[in-house]
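Breakdown of the fold
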Amino acid sequence: MKKFNLLQEIIIIDKEKLLQAINSQKEFGITINGEITYEPTKEIVIYKGKHAPKHSPLSIPKPLDIAEVLGSNYKIAESDGKIGIKASLAWQDIIEYNYDLASYDDTSNEGINEFNEKELETLGWHADEFEITYRELVDLIEEKAKGTILCIEQEKPDYRFSGLGFIEDPQEAYNLMYKYAQEKIKQKMQNDPLFSAENLSEDEEEAAKYFQVL
């Protein structure tokens, strides 16, 4: 999976297209690739909003201020018809914009405790019976599967990470995790007396059957 660290990335967007979106008075989003989308719930976005001009019919309209429209959490710079946007200060809003679309939530100190896709969550729930954690499974897919990690990550002065994971191909991720968990459970059942076939609890037995090792 590719990491998109908002502390390092500048989103470049065409100024004319952005002005068109703002003036459309429709809800729109700005994607991490610098595109305008009018379906901001279906793509990863760093901004979502709808601009409603605030002036009375008798007043003289002020020139549109893009920085004012986006808000103070977005830092912008303009050059050659392009707008560069730094969005890291808007992280809490960005989490809200993308939360329902994300495959998993890695924004809290409590770690990852579920997948949003039903099949992945069923796998994770069963794997947990054999002490295979969600973190372990996520580390695997972040290394080997396709997708995007939208995050805030800094190394100094103290390490800090907060992110949302977007799996591009859930079936690919499922197959990777299933094979990994299946092999690990097989080894546990062979080598750890606590997980031998005769000592399994009802839930562990159900999980072993799910991974076809029993």
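One can find the structure itself at the top, above this paragraph.
Every chain is numbered independently, its residues counted from 1 as its sequence is written. In keeping with the predicted nature of the model, local features appear solely for residues at pLDDT of at least 70, side-chain atom pairs appear and are counted solely at 80 or more, and the whole-chain, interface and lining totals rest on all residues. The basis for the side-chain values is all heavy atoms of the structure; hydrogens and waters are excluded.

Describing the sheet that holds strand β3 (residues 28-31)
The strand order across the open sheet formed by 3 strands is β4-β3-β5, and the pairing between neighbours is antiparallel. The strands lining the two open edges of the sheet, one partner per strand, are β4 (36-37) and β5 (45-49). A pair of strands counts as paired when DSSP detects no fewer than two bridges linking them. In this text, helices come from DSSP runs of H or I with a minimum length of four residues, and strands from runs of E with a minimum of two, each type numbered from the N-terminal end. Relative to β4, β3 runs antiparallel, the two sharing 2 bridges. Note that in β4 the partner of Ile 30 across the bridge is Ile 36. Each of β3 and β4 touches helix α1 (residues 15-23); the most contacted strand, β3, lies at about 155 degrees to it. Working rule for contacts: check all heavy atoms of both residues, and any pair within 4.5 Å makes them a contact. An axis is simply a line fitted to the C-alpha atoms; with a helix, the fit covers only the stretch in contact. Between two such axes, the angle follows the N-to-C directions and lies from 0 to 180 degrees.

Considerations on the environment of Met 1
Tracing the backbone shows Met 1 in the segment before β1 (2-5). Relative accessibility under 20% of the residue-type maximum defines a buried residue, over 50% an exposed one, and the middle range a partly exposed one, all with a 1.4 Å probe and only protein chains included. Note on Met 1: relative accessible area 17%, which makes it buried. In this structure, the C-alpha to C-alpha distance between Met 1 and Thr 148, residues 147 residues apart in sequence, is 5.3 Å. In this structure, Met 1 is in contact with Tyr 104, Ile 141, Glu 142, Ala 145, Lys 146, Gly 147, Thr 148, Ile 149, Gly 165, Phe 166 and Ile 167, ignoring residues within four places of it in sequence.

Some thoughts on unusual backbone geometry
A cis geometry characterises the amide bond from Lys 156 onward to Pro 157, with omega recorded as 0 degrees. With a phi close to 50 degrees, Asp 80 is a non-glycine residue in the positive phi region. Looking at the secondary structure, you find Asp 80 in the loop between β6 (75-79) and β7 (82-86).

Considering the packing of helix α4 (residues 118-128) against helix α6 (residues 170-191)
Look at α4 against α6: their axes get within 10 Å of each other, and the N-to-C directions meet at 15 degrees. As far as their axial angle goes, α6 and α4 are roughly parallel. Read as a crossing pair, α4 and α6 show a hand that is left-handed. Contacts from Glu 119, Leu 120, Leu 123 and Ala 127 of α4 reach α6 at Pro 170, Gln 171, Ala 173, Tyr 174, Met 177, Tyr 178 and Ala 181. In this classification, Asp, Glu, Lys and Arg are treated as charged, Ala, Val, Leu, Ile, Met, Phe, Trp, Tyr, Cys and Pro as nonpolar, and every other residue, Gly included, as polar. The residue inventory of the contact of α4 with α6, partitioned by class, reads 9 nonpolar, 1 polar and 1 charged. Our angle categories are set so that under 35 degrees counts as roughly parallel, over 145 as roughly antiparallel, 65 to 115 as roughly perpendicular, and the remainder as oblique. By definition, any crossing whose near helix is turned counterclockwise from its far helix by less than a right angle is left-handed, and any crossing with a clockwise turn is right-handed.

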